[in-house]
Each structure stands twice: as structure tokens, then as C-alpha cells.
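Descriptive structure summary
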Amino acid sequence: MSERKYNIQDALKRTDARHVLGLSGGKDSAALAVYIKDRYPELHDRMEYFFSDTGAELQEVYDVLEKLEAYLGKEIIRLSSGRPFEHWLKVHNDFLPSPRQRWCTRVMKIEPFERWIGTDDAISYIGIRADEFREGYISHKDNIKAVYPFIEDGLVRDDIFQILEDSVGIPEYYKWRSRSGCYFCFFQRQEEWLGLKEEHPTLFDMAVSIEKEAGNGYTWVQGRTLEEVAQHAMNKRKMLGPRATKTAVRWQDSLRSGEEDDDPEDQSCLICSL
Ligand code: SF4
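The notes below deal with the structure included here.

Cut-off values and rules
- Residue positions are counted from 1 within each chain, in the order its sequence is given.
- Given that the model is predicted, a residue must reach a pLDDT of at least 70 before its local features are reported, and side-chain atom pairs must reach 80 or more before they are shown or counted; all residues, however, enter totals for whole chains, interfaces and linings.
- Excluding hydrogens and water, the side-chain figures rest on all heavy atoms present in the structure.
- Nonpolar cores are built from buried Ala, Val, Leu, Ile, Met, Phe, Trp, Tyr and Cys residues. Side-chain atoms within 4.5 Å join them into one set.
- Whether a residue is buried, partly exposed or exposed follows from its accessible area with a 1.4 Å probe, protein chains only, as a fraction of its type maximum: under 20%, in between, or over 50%, in that order.
- Elements are defined by DSSP. Helices are runs of H or I of four residues or more, strands are runs of E of two residues or more, and each kind is numbered from the N terminus.
- Any two residues having at least one pair of non-hydrogen atoms within 4.5 Å are treated as being in contact.
- Here an angle of 0 to 180 degrees is reported between the N-to-C directions of two axes, which are lines fitted to C-alpha atoms, with helices fitted over the stretch in contact.
- Angle categories: roughly parallel below 35 degrees, roughly antiparallel above 145, roughly perpendicular from 65 to 115, and oblique for all the rest.
- Residues are grouped as follows: Ala, Val, Leu, Ile, Met, Phe, Trp, Tyr, Cys and Pro are nonpolar; Asp, Glu, Lys and Arg are charged; every other residue, Gly included, is polar.
- Every helix has an expected span of 1.5 Å times one less than the residues it contains.
- Note that the arc is defined by the directions from the helix axis to the C-beta atoms.
- Definition used for salt bridges: Asp or Glu carboxyl oxygen within 4 Å of a side-chain nitrogen of Lys or Arg.
- We call two strands paired when DSSP finds no fewer than two bridges between them.
- Helix crossings fall into two classes, left-handed where the near helix is turned counterclockwise from the far one by less than a right angle and right-handed where it is turned clockwise.

Let's talk about the nonpolar core
Within the largest apolar cluster, 71 residues are counted, with the highest numbers of intra-cluster contacts made by Tyr125, Phe184, Trp193 and Trp220. Examining the composition of this core, we find that seven residues originate from one element, helix α2 (residues 27-39), more than from any other. When sequence neighbours within four positions are dropped, the list of residues in contact with tryptophan 193 reads Tyr183, Phe184, Cys185, Phe186, Gln188, Phe204, Ala207, Trp220, Val221, Leu226 and Val229. Judged by nonpolar contacts, the second largest core, of eight residues, contains Val20, Phe50, Leu79 and Trp116.

The structure is reproduced here in C-alpha cells:
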């Protein structure tokens, strides 16, 4: 593991190193980019913003990136493994990735990032907040150091929402999903799979096809096919009845006041979802 807790002031002195900030399409990394631009403009000038594109992202993620590019006045560099998920699935003998077999993150996110950095000295800015206890993937490479500006400056969840509301807005998919990442991400909760079916039926069908074609008994959600998962979530919703959301609460406010995306058990890595 590389050395941690490199501090911002020390990082600023490192004119010999590359400064990189990975955007996942999620709220925290987006807010961090905005924060760096507004709070540390000299760092923003040097920053290389990047996004590791798996090719299986939601359209909403590209919308966020577009808004961010406009706000930042800088290009967000797109990295890729160069091959679609289906290729990597074959390479992994049709074994669907899972929380225990996270080959997807390694081949589609981390390796493209490490190839892009190469042997350069780099300082990577990470959007973990002061009120979080997540570790997150940094890098096992010694030439990549990490800085945590939100932790250092004491920013918590509510600050992140404020930063986004004042700049590029909260990514739209948070209406029905608690994290960014691939449309078929196995970290989705059951109601989020149902959300995918309702919001992006074609993508849901594609995830169903991948599951069927893998055909080795493995499913995205252990012990259930996706169709069963969506049906189960629908039944549960019917049982609970219509939500008491008839009051005019904006979804942004309801999200902000909740903690639905702050699952301490959430093992999805930062490069995918933060
Ligand atoms: S978002 Fe989910 S499926 Fe996609 S690379 Fe990350 S962990 Fe894997």
C-alpha cells in the first residue's frame, strides 16, 4: 500500500509530480473537483481530472461529467480498458464478478488508471469525507500518493450536497440509485435493480441476458435471478404501499436528509462509486 495522508500543503509544493483526481460519476468525487477548483485554484490549474470508463455506465453519469467539464473549464480525461465488459467476462471464464471476485474493478478501472500514471510520481486526490470511515482503493504502487482534502478540511456529508447544489447539481440517478458505477453493478440493492428496470429497461434486459448467457448457475444477486429480484422488490413495494412522499419535498432534500448512500458495509470501491 502506498503511503497515505499526504497533506494538501505538502502536495502543493510538489511541482514535480502529477496531480490527479478520479471522478466516478458519484457525488463525492464530483464535489471534490468543484471544491478544488473553488478553494485551491492553483491546484486546479495543475490537476488532471480523469474518469475510468467501463463502457457500462449510465447515461446520467456522462451527463454529470459533461456538466463538470463545463464548470471546471477543463477536459475530464477518459480512461478505458480498451475492451467491453463482455470481453472481460469471457477472459474470466464467464464468471460474473461479485463482491468476492472483483475482477471488474481491477481490469476496467484500476489497471487503466495505473497504466495511465505509469512510473510518474503522482498525487491522487480522494473524496472521502471527514464523517466517513471508508478506506477505499488508493494504489499499491509506490509512486502514487494520496491526499484527502475533505478529511483535512473537515467537510461532512451536508457540505458535499451544498457544494453540488451550488454548482453542477446532484446527479439525477440518485433519485433511484445510491451509487454510480456500471448498470449491472452487483452492489445494487434489490429496489435499485427494480429502479434500473423502470428507468433503463433496455439496460436491465441486457443485465438479464448477461446473467443467462454466463449460464453457470451464477447470478448477479446470490441465489436469485435478476427477474426474481425485480419481482421481489416490486412485491415489497406493493406491500409497503405508496410512499408518504406526497408532500412537496424535493428528491434532493429528501436524499440530503437521509443516509441511504452511507452504508458502512458498502464495499464498492471509491474508484467506482464515490
Ligand atoms: S461499478 Fe460495480 S460492476 Fe462496475 S467495476 Fe465497479 S464494482 Fe464492478
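As for the packing of helix α9 (residues 190-199) against helix α10 (residues 201-214)
At a minimum axis distance of 5 Å, the contact between α9 and α10 shows a crossing angle of 125°. By the angle class used here, α9 and α10 are oblique. Together, Trp193, Leu196, Lys197, Glu198 and Glu199 of α9 and Pro201, Leu203, Phe204 and Ala207 of α10 make up the contact between the two elements. Across the contact of α9 with α10, the residue classes break down as six nonpolar, no polar and three charged.

Points about helix α4 (residues 59-72)
Between its terminal C-alpha atoms α4 stretches 20 Å, which fits the 20 Å expected from 14 residues at 1.5 Å a residue. Of all the positions in α4, only Glu60, Val61, Val64, Leu65, Leu68 and Leu72 are classed as buried. Taken down its axis, α4 places every buried residue within 145° of arc, on the same side. Away from its buried face by more than 90 degrees, α4 exposes Glu66 and Ala70.

A short note on the environment of glutamate 228
Topologically, glutamate 228 is positioned in helix α11 (residues 226-240). Between the alpha carbons of glutamate 228 and glutamine 190 there is a distance of 9.8 Å; along the sequence they are 38 residues apart.

Some points on the pattern of salt bridges
Close approach of charged atoms lets side chains of opposite charge pair. Scanning the entire structure with this criterion turns up 17 salt bridges. Note that aspartate 28 and lysine 27 form a salt bridge whose closest N and O atoms lie 3.4 Å from each other. Neither residue differs from the other here; aspartate 28 and lysine 27 are each classed as buried. For aspartate 131, the salt bridge is made with arginine 129, and the minimal N-O distance between the two is 2.8 Å. With a relative accessible area of 30%, aspartate 131 lands in the partly exposed category.

A word on the pairing of strand β1 (residues 18-22)
The buried fraction of β1 is high, at four of five residues. Two elements, β1 and strand β4 (residues 122-125), share four bridges in a ladder whose sense is parallel. Residue pairing for β4: leucine 21 is matched across the bridge by tyrosine 125. Bridge count between β1 and strand β2 (residues 47-53): four bridges; the pairing is parallel. For histidine 19, the partnering residue across the bridge sits in β2 and is methionine 47.

Structural notes on the packing of α2 against helix α8 (residues 157-165)
With their axes 9 Å apart at the nearest point, α2 and α8 run at an angle of 65° to one another. Between α2 and α8, the angle falls in the class roughly perpendicular. Helix-helix and strand crossings are classified by hand; for α2 and α8 the assignment is left-handed. Of the residues in α8, those in contact with Lys27, Asp28, Ala30, Ala31, Val34 and Tyr35 of α2 are Ile160, Phe161, Ile163 and Leu164. Here the residues of the contact of α2 with α8 sort into eight nonpolar, no polar and two charged.

As for unusual backbone geometry
For asparagine 93, which is not glycine, the phi dihedral falls at a positive 55°. Along the chain, asparagine 93 turns up in the loop between α5 (85-91) and α6 (103-117). Residue classification places asparagine 93 among the exposed residues on the basis of a relative accessible area of 57%.

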